[in-house]
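Examining the three-dimensional arrangement
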Amino acid sequence: MLLSIATIVVGLVLLLWSADKFIEGAAAVAKSLGLSTLLIGMLVVGFGTSAPELAVSAISAYHGNPGIALGNGYGSNITNIALVLGLTAVISPVAIQKTVLKKEIPLLLGVTLLAFWHLHDGQLTRLEAISEIVILTAAFIWLVLSSQKKFEEKEVPAMTSGMAWVWLIIGFVLLVISSRMLVWGAVNIAHAFGVSDLVIGLTVVAIGTSLPELAASAFAAKKGEHDLVVGNVIGSNLFNTFAVVGLAGTIHPLAVPSDVLSRDWPLMFALTLFVYLIGKLRKSKKGKPKINRMSGAVL
């Protein structure tokens, strides 16, 4: 018990420190590459924090468990918007670029609708899965080529390009390690108090696997790097929808459980649409779209 408590304490301290360094590194990398922090948030932060979902879904598909592969990808999308973006906005309201409402979020809505088209007949074929990966790759190439720095310059920690990448990688690795430490310690304590594996899975493990995204987004918001927050969620959801599910379907064609079409996909789409509408309707005093604390609480 004492070891578990110590692991949680050390893991929490390490999580907070690594999230801080991860965001500093990401902001510096964006500046050194001449790319917007939004795009870095989508490509580096979003993809990086979704790597565990990719591994879990690929393994699940290989072993013939499509429900886990689809549930993991879509469940992560729901968590990213409802928990990560929502709680981050409660901590610090998140500003959204107007261009994001014209390009990135509509792209995510389009990808989500296309995913439904692939799943509506009750299966995801290998050809459909491969097409999802190809479409996603093309979409990101388009985003990179069309990316222009139409954002206000913020103060970025002074560091060389090499050090920026070092802190980005170290921060990410420690984010993953510290979140696993927290989950391990919490699971052991829960077991000691007689909590069932189901309840542990629905609470401790579910939240624990979202800690990297949550910690990174919260620190980015506090530092005023709102583009990293938005980029993290959009990039991660694009990745989960087409790369995570697409890779799983490429490995093994997936039979689609009815719950995915009647419950999971509608909720995922509704949350994405909600963020788009909030961005359109809610404006800050400077006229910029934003997700305020009330909207975050609703999420």
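Everything that follows concerns the structure shown earlier in this document.
No experiment lies behind these values; they were computed from the predicted model shown. Residue positions are given per chain, counting from 1 as you read along its sequence in written order. Predicted model: local features are reported for residues with pLDDT of at least 70 only, side-chain atom pairs are reported and counted for 80 or more only, and whole-chain, interface and lining totals are derived from all residues. Each side-chain value is worked out from all heavy atoms of the structure, with water and hydrogens disregarded.

Before going further, it helps to spend a moment on the overall build of the chain. Helix and strand labels come from DSSP, where a helix needs a run of H or I of at least four residues and a strand needs a run of E of at least two; each type is numbered from the N terminus. Counting its regular elements, the chain contains 13 helices and four strands. Every residue pair with non-hydrogen atoms within 4.5 Å of one another is taken to be in contact. Within the chain, residue pairs in contact and separated by at least 24 positions form 85% of the contacts whose partners lie at least 6 positions apart. Summed over its atoms, the accessible surface of the chain is roughly 13500 Å², and 71% of this surface lies on carbon and sulfur atoms. Using a 1.4 Å probe, the Shrake-Rupley method yields the accessible areas, and only the shown protein chains count as cover for residues.

We now examine the environment of leucine 127. Position of leucine 127 relative to the elements: it lies in helix 7 (residues 126-146). Relative accessibility under 20% of the residue-type maximum defines a buried residue, over 50% an exposed one, and the middle range a partly exposed one, all with a 1.4 Å probe and only protein chains included. On the basis of relative accessible area, leucine 127 is assigned to the exposed category, the value being 68%. When the C-alpha positions of leucine 127 and glycine 246 are compared, they lie 9.6 Å apart, and in sequence the two are 119 residues distant.

Helix packing geometry: the angle between the two helix axes and the distance between the axes. Note on geometry: axes are lines fitted to C-alpha atoms, helical ones only across the stretch in contact, with angles between N-to-C directions running from 0 to 180 degrees. Contact geometry for helix 1 (residues 2-33) and helix 2 (residues 37-49): axes closest at 9 Å, N-to-C directions at 120°. With respect to helix 2, the element helix 1 is oriented oblique. With respect to the hand of their crossing, helix 1 and helix 2 are arranged in right-handed fashion. Contact residues: Phe22, Ala26, Ala27, Val29, Ala30 and Leu33 in helix 1; Thr37, Ile40 and Val45 in helix 2. For the contact of helix 1 with helix 2, the class distribution of residues is eight nonpolar, one polar and no charged. The scheme is simple: roughly parallel for angles under 35 degrees, roughly antiparallel for over 145, roughly perpendicular for 65 to 115, oblique for anything else. Crossings are sorted by hand: turned counterclockwise from the far helix by less than a right angle, the near helix makes the crossing left-handed, and turned clockwise it makes it right-handed. Just so you know the grouping, Ala, Val, Leu, Ile, Met, Phe, Trp, Tyr, Cys and Pro go in nonpolar, Asp, Glu, Lys and Arg go in charged, and all remaining residues, Gly too, go in polar.

Patch criteria: residues need more than 30% relative accessible area and no salt bridge. Like-charged residues are merged within 9 Å; nonpolar side chains of Val, Leu, Ile, Met, Phe, Trp and Tyr are merged within 5 Å. In the sections that follow, a salt bridge refers to a side-chain nitrogen of Lys or Arg positioned within 4 Å of a carboxyl oxygen of Asp or Glu. Together, Met1, Leu2, Ile5, Val9, Val13, Phe193 and Val195 make up a nonpolar patch on the protein surface, roughly 720 Å² of accessible area in all. Looking at the secondary structure, you find valine 13 in helix 1.

Here we take up the nonpolar core. Side-chain atoms within 4.5 Å link the members of a nonpolar core, which is a set of buried Ala, Val, Leu, Ile, Met, Phe, Trp, Tyr and Cys residues. Counting 71 residues, the largest nonpolar core has Leu70, Tyr74 and Leu238 as the members making the most contacts within it. Per element, the largest residue contribution to this core is 12 residues, and it comes from helix 11 (residues 226-251). If we ignore the near neighbours within four places in the chain, the residues touching tyrosine 74 are Ala115, Leu119, Thr241, Val245, Val260 and Met268.

Attention now moves to the packing of aromatic side chains. In summary, the pairing rule links any two rings of Phe, Tyr or Trp, Trp by its six-membered ring, whose centres are within 6.5 Å, and it sorts them by plane angle into stacked for under 30 degrees, edge-to-face for over 60 and tilted for everything else. One pass over the structure, following the stated rule, counts four aromatic pairs. Arranged with centres 5.8 Å apart and planes meeting at 75°, the rings of tryptophan 17 and tryptophan 167 form a pair that is edge-to-face. Of the two residues, tryptophan 17 sits in helix 1 while tryptophan 167 sits in helix 8 (residues 161-192), which places them 150 residues apart along the sequence. You can call tryptophan 167 partly exposed: its relative accessible area is 24%. Centre to centre, the rings of phenylalanine 22 and phenylalanine 172 are 6.1 Å apart; their planes meet at 40°, and the pair counts as tilted. One end of the pair, phenylalanine 22, is in helix 1; the other, phenylalanine 172, is in helix 8, with 150 residues separating them in the sequence. These aromatic residues form a ring-pair network of at least three members: Phe116, Trp265 and Phe269. One residue, lysine 21, lies across the ring of tryptophan 167, its end atom 5.2 Å from the ring centre. Geometrically, a lysine NZ or arginine CZ counts as sitting over a ring once it is within 6 Å of the ring centre and also within 35 degrees of the ring normal.

Mapped onto the elements of the fold, threonine 272 is located in helix 12 (residues 258-281). What threonine 272 contacts, discounting residues up to four positions off in sequence, is Ile81, Leu108 and Leu109.

On to the environment of methionine 42, then. Inspection of the secondary structure puts methionine 42 in helix 2. Between the C-alpha atom of methionine 42 and that of leucine 143, which follows or precedes it by 101 residues, the distance is 9.9 Å.

Looking now at the pattern of salt bridges. Opposite charge on two side chains permits pairing when their charged atoms draw close. One pass over the full model with this rule turns up four salt bridges. Among the salt bridges present, the one from aspartate 259 reaches arginine 263, with a minimum N-O distance of 3.9 Å. Taken as a pair, aspartate 259 and arginine 263 lie in helix 12 at a separation of four residues, close to a single helical turn. Among the residues examined, aspartate 259 registers a relative accessible area of 39% and is labelled partly exposed. When the shortest N-O distance is used, the salt bridge between aspartate 264 and arginine 263 registers 2.8 Å. Each of Lys21, Glu24 and Lys223 takes part in salt bridges that share partners, so that together they form one network.

As a further point, take helix 1. Compared with the 46 Å implied by 1.5 Å per residue over 32 residues, the 46 Å span of helix 1 between its first and last C-alpha is a close match. Directly beyond the C-terminal end of helix 1, a positive phi value near 75° is found at glycine 34. In this scheme, a helix's expected span is set at 1.5 Å multiplied by one less than its residue total.

Right, let's talk about empty space enclosed by the protein for a bit. Residues are said to line a cavity or pocket when one of their atoms sits within 4 Å of a point; the points come from a 1 Å grid over protein atoms alone, cavities being sets where a 1.4 Å probe fits but cannot get out and pockets being open sets with protein on both sides within 12 Å along at least five of seven lines. Grid points are joined across faces, edges and corners, and a volume is the space filled by probe spheres set on the points. For the structure shown, the criterion picks out two cavities of 30 Å³ or more. In this model, the largest cavity occupies a volume close to 100 Å³. Residue lining of the largest cavity: Ile81, Leu85, Ile96, Ile105, Leu108, Val230, Val233, Ile234, Asn237, Thr272, Val275 and Ile291, and that is the complete set. Residue assignment for the lining of the largest cavity shows that the elements contributing at least two residues are helix 4 (66-91), helix 6 (104-119), helix 11 and helix 12. If one sorts the elements of the lining of the largest cavity by residue count, helix 11 sits on top with four residues.

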